Amino acid sequence: MTLSPFLRPVRGQTPRATPNLHRLLLTVYCLLSFFLPSLGGEIFSGRLYTVPKQIYENQAFEIHFELEVSFGSEVEDLRISDFPNNPDLITVGRLETASRNRITRGDQAINLLHFIASARCHKPITHTFNPTLQCMFVERRTSGFFSHWQSYPKQHALDPFTLRVLPLPDAGRPAHFSGAVGTFHLSGRLSKTTAHPGDIITLRLELNGQGWLGNAVMPVPPTPSLFKTYPQKEVLREPLRIQTEQVFIPSCTNATELAAARFCFFNPATGRY
């Protein structure tokens, strides 16, 4: 029989641990307490909601995610299942950290983590999801003189989340509506405001704002009878900005005015075109 060198058997007696063995056991315990993860942290609650609450199709909105966890804890690598992630239905950006706050509930300190993602629904929907969060839970642990971060996977069922997206109304929809949803501003300027017959005048239009332009096109002023008109050219297109140029040549001194250009969009804040 082979015995540990820290044990000295005495005939007729049960082997007893020497002080060296006590020190060894204490060292092993400290090492285990340092390297083994502690599963003491908790996820108390989590919920998803939209801002604004009432949403129309193709309206830009935000998905907010609030998570309550043990004080001093964090979460990483967030993954939410049973969540509207069908690209044919919705476009969702990355969840970004918006704030971290300490709150107190009773005598317990809690970390309130707030995340925000941009989103846009391509079609109407009313559906209640039952999402589940999977993440890496990170917490600071203290063992003796040592303080360190530990991370381990964690899962938590979130509150049910109802996504309700309304269709754009048919009532009041203009015939020239091209699908823009949000708030937009149309401005224009002429290359010159004083001209002679035969002079080249360039009309520059710019459309910008907030929301979703999609495939919307810049409006073209009605063709004036006293001007020679060339086709409009798009010189810039960005997600929320369009610029165009169009040439007009007055044919006589009575050519003094171009007709107004009008752009139609749906304003989700007012529910009107």
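Computed from a predicted model, the values in this text were never measured in an experiment.

Chemist: Teacher, can you tell me more about the confidence of the model for the protein chain here?
Modeler: Predicted coordinates in areas of low pLDDT are best not read in detail. On average, residues of the protein chain score 85 in pLDDT, and 83% of them are at 70 or above. Per-element mean pLDDT across the protein chain ranges from 46 in helix 1 (residues 19-35) up to 98 in strand 2 (residues 55-56). Counted against residues more than four places away or in other chains, residues 24-39, with its pLDDT under 50, gives 15 contacts.

Chemist: Teacher, can you tell me more about the packing of aromatic side chains here?
Modeler: Aromatic ring pairs are reported here in terms of the distance separating the ring centres and the angle at which the planes meet. All chains considered together, the criterion is met by 11 aromatic pairs. Seen from their ring centres, F263 and F265 are 6.4 Å apart, and the 25° between their planes marks the pair as stacked. Per residue, the accessibility class of F263 equals that of F265, and both read buried. Taken together, the aromatic side chains of Y56, F177, F266 and Y273 make up a single cluster linked through ring pairs. Geometry around F71 places R102 over its ring, the cationic atom sitting 4.3 Å from the centre. K154 extends its terminal NZ or CZ atom over the ring of F137, reaching a point 5.5 Å from the ring centre.

Chemist: How should the nonpolar core be read in this particular structure?
Modeler: General note: in soluble globular proteins, nonpolar side chains tend to be found buried as a group. In this structure, L67 and L163 are the most contacted members of the largest nonpolar core, which totals 27 residues. Every element with two or more residues in this core is listed here: strand 1 (43-51), strand 3 (60-70), strand 4 (73-81), strand 7 (108-121), strand 8 (125-129), strand 9 (132-143) and strand 11 (161-166). The leading source of residues in this core is strand 3, at 5 residues. Those residues within four positions of L163 in sequence are excluded, and the remaining contacts are T50, F61, P84, I90, C121, I125, T126, H127 and F129.

Chemist: Help me out: how do you make sense of the sheet that holds strand 8 in this one?
Modeler: An order of 2-11-8 is seen for the 3 strands of this open sheet, with the pairing classed as mixed. Edge strands, defined here as strands with exactly one partner in the open sheet, are strand 2 and strand 8. Pairing of strand 8 with strand 11 involves 5 bridges; the strand directions are antiparallel. Within strand 11, the residue paired with F129 across the bridge is F161.

Procedures and definitions
- Every chain begins its residue count from 1, and numbering advances along the sequence as written.
- At least 70 in pLDDT is required for a residue's local features to be given in this predicted model, at least 80 for side-chain atom pairs to be given and counted, and no such filter applies to totals for whole chains, interfaces and linings, which use all residues.
- The side-chain values count all of the structure's non-hydrogen atoms but skip hydrogen atoms and water molecules.
- Per residue, pLDDT measures the predictor's confidence, with a range of 0 to 100.
- Under the DSSP-based scheme used, a helix requires at least four consecutive residues in state H or I and a strand at least two consecutive residues in state E, with every element numbered from the N terminus.
- For this analysis, residues touch if any pair of their heavy atoms sits within 4.5 Å.
- Ring pairs are drawn from Phe, Tyr and Trp, using the six-membered ring of Trp, whenever the two centres fall within 6.5 Å, and their geometry is named by plane angle: stacked under 30 degrees, edge-to-face over 60, tilted for the rest.
- Accessible area is worked out with a 1.4 Å probe on protein chains only. A residue is then buried under 20% of its type maximum, exposed over 50%, and partly exposed in between.
- The criterion is that NZ of a Lys, or CZ of an Arg, lies within 6 Å of the ring centre and within 35 degrees of the ring normal, and then a charge sits over that ring.
- Here, the term nonpolar core denotes a set of buried Ala, Val, Leu, Ile, Met, Phe, Trp, Tyr and Cys residues that are joined through side-chain atoms within 4.5 Å.
- Here, any two strands with at least 2 DSSP bridges between them count as paired.

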